[in-house]
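Close look at the chain arrangement
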Amino acid sequence: MRNRLRDRWCLVLGASSGMGRATALALAEQGAHVAGVHFDRAEGARAAKELECTLRAQGVRAHLFNVNAASDRGRGRLVPALAELTGGEPLRTVLHSLAFGSLVPFLPSDEAKQALTRAQLEMTLDVMAHSLVYWTQDLLAAGLVAEGTRILAMTSAGTRQVLPSYGAVSAAKAALESHVRQLACELAPHGVAVNALRAGVTVTPSLLRIPGHEEFVGESAAGNPHGRLTTPEDVAEAVVLLSNAPSSWLTGNTIGVDGAELVAAGATWSRREATR
């Protein structure tokens, strides 16, 4: 397959860790220039600087902006900066991987005394879902989304599975998938493909913030037919593959990148391997 990433600019929202970081590295390996947005202090900011140096060491251009990607002010500063960085050329890939939300149950319980507030719910949906729409609107207006651009957004099985404190994030992911379908149809005349990637359970800083994640991670690994969890590199590989796709006909989908984790029947596959 022809490399359509070489010497093209790609934008990673949420670039400093987890799937965003792995994707930035994978895109650079393909010869793509990387613009990344992260929102970190102290150790996180230092890690982002190190990532920027690592990307440039691969012979590509890279610039990581430490700005709140979910704020109107931040986006208003970043879009003109991106246009200057790319020389006005459209982006090949836009990855929306913003993972900041409230992990609080809807209702109080013996374990969790506080319930989710209106502000927390609205913030979670704004950051993890609605910001995709706002970014797409502004990038399109600036000429940075055009024919050949591939927009990808990270979702999860939380749209159809329930965890005790995942309600707000689950709602955000469901909204995100809806936004992907709507954007795919509205951008089809522009030759732009929009898809959601449903990663399997992946050990990232975001997952480690979920209460009770230890048990959840163990059960997920046992239930995956591959006998392991999804890695950020698995997701990055899928981003590269879809970014290289020559046609915009693959659009409007939620694509599983989970090793068949969601469709497997519990841990039966792992037990079958153990008896061989």
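Here the structure is shown first, and the text comes after it.
We now turn to the structure provided with this report. Every chain is numbered independently, its residues counted from 1 as its sequence is written. Per-residue local features are limited, in this predicted model, to residues with pLDDT of at least 70; the limit for side-chain atom pairs, both in listing and counting, is 80 or more; totals at the level of whole chains, interfaces and linings are taken over all residues. Calculation of side-chain values draws on the structure's entire complement of heavy atoms; hydrogens and water are dropped beforehand.

Concerning the pattern of salt bridges
Put simply, the rule reads: Any carboxyl oxygen of Asp or Glu within 4 Å of a side-chain nitrogen of Lys or Arg constitutes a salt bridge here. What counts as a helix is a DSSP run of H or I of at least four residues, what counts as a strand is a run of E of at least two, and both are numbered from the N terminus. Accessible area is worked out with a 1.4 Å probe on protein chains only. A residue is then buried under 20% of its type maximum, exposed over 50%, and partly exposed in between.
As enumerated under the stated definition, the model contains seven salt bridges in all. A salt bridge links Asp 138 to Arg 75; the nearest nitrogen and oxygen atoms lie 2.8 Å apart. One end of the pair, Asp 138, is in helix α4 (residues 118-141); the other, Arg 75, is in helix α3 (residues 72-86), with 63 residues separating them in the sequence. We classify Arg 75 as buried; its relative accessible area is 7%. Close ionic contact of Glu 122 with Arg 118 constitutes a salt bridge, the shortest N to O distance being 3.7 Å. Note that Glu 122 and Arg 118 are positioned in helix α4 at a spacing of four residues, about one turn of the helix. Of the residues examined, Glu 122 reaches a relative accessible area of 48% and is grouped as partly exposed. Each of Lys 49, Glu 52 and Arg 56 takes part in salt bridges that share partners, so that together they form one network.

Quick look at unusual backbone geometry
The backbone phi angle of Asp 7 is positive, close to 65°, even though this residue is not glycine. With respect to the helices and strands, Asp 7 occurs in the segment before β1 (9-13). The class of Asp 7 is exposed, set by a relative accessible area of 54%. Residue Ala 42 is not a glycine yet carries a positive backbone phi of 50°.

Re a nonpolar patch on the surface
Operational definition: Each patch groups residues whose relative accessible area exceeds 30% and which form no salt bridge, using 9 Å between like charges and 5 Å between nonpolar side chains of Val, Leu, Ile, Met, Phe, Trp and Tyr. We get accessible surface area from the Shrake-Rupley algorithm with a probe of 1.4 Å; when it comes to residues, only the shown protein chains can shield them.
A cluster of nonpolar side chains, Phe 106, Leu 107 and Leu 121, forms an exposed patch at the surface whose accessible area comes to about 310 Å². Structurally, Phe 106 is set in the loop between β4 (93-96) and α4. Under the relative-accessibility criterion, Phe 106 is labelled partly exposed at 48%.

Focus on the packing of aromatic side chains
Stated formally: Pairing of aromatic rings covers Phe, Tyr and Trp, the last through its six-membered ring, and needs centres within 6.5 Å; plane angles under 30 degrees mean stacked, over 60 mean edge-to-face, and all others mean tilted. By the criterion adopted, a ring carries a charge over it if an Arg CZ or a Lys NZ lies within 6 Å of its centre and within 35 degrees of its normal.
Evaluated as defined, the whole model comprises zero aromatic pairs. The side chain of Arg 41 reaches across the aromatic face of Phe 39, ending 5.6 Å from its centre.

Structural notes on the sheet that holds strand β2 (residues 33-38)
Selection rule: Here the rule is simple: two strands pair whenever DSSP picks up at least two bridges between them. Axis definition: a line fitted to C-alpha atoms, limited for helices to the stretch in contact. Angles are taken between N-to-C directions and run from 0 to 180 degrees. By definition, residues are in contact when any of their heavy atoms lie within 4.5 Å.
Here seven strands make up an open sheet; going across it, the order is β3-β2-β1-β4-β5-β6-β7 and the pairing parallel. Unpaired on one side and paired on the other, β3 (62-66) and β7 (254-257) mark the two borders of the sheet. Going from strand to strand, the sheet's axes swing by 20° on average, the running direction of each strand aside. For β2 and β3, the ladder comprises five bridges, and the chain directions are parallel. Paired with Val 34 across the bridge in β3 is Ala 62. Across the sheet, α3 lies against β1, β2 and β3, angled at about 170° from β3, the strand it touches most. In the packing of helix α5 (residues 167-187) onto the sheet, contacts are made with β4, β5 (150-156), β6 (193-199) and β7, and the angle to β5 comes to roughly 160°.

Some remarks on the pairing of β6
Put simply, the test is: By the criterion used throughout, a crossover qualifies as right-handed when its path from the first strand across the helix to the second strand runs clockwise, the strands pointing away from the viewer.
Within β6, seven of the seven residues are buried, which leaves it mostly tucked inside the rest of the structure. What you see with β6 is no split at all: Ala 193, Asn 195, Leu 197 and Ala 199 on one side and Val 194, Ala 196 and Arg 198 on the other are buried throughout. Pairing of β5 with β6 involves seven bridges; the strand directions are parallel. Its bridge partner lying in β6, Arg 150 is registered against Ala 193. Following the chain from β5 across α5 to the adjacent parallel β6, one finds a crossover that is right-handed. Relative to β7, β6 is paired through four bridges, and the arrangement is parallel. Counted as the bridge partner of Ala 199 is Val 257 from β7.

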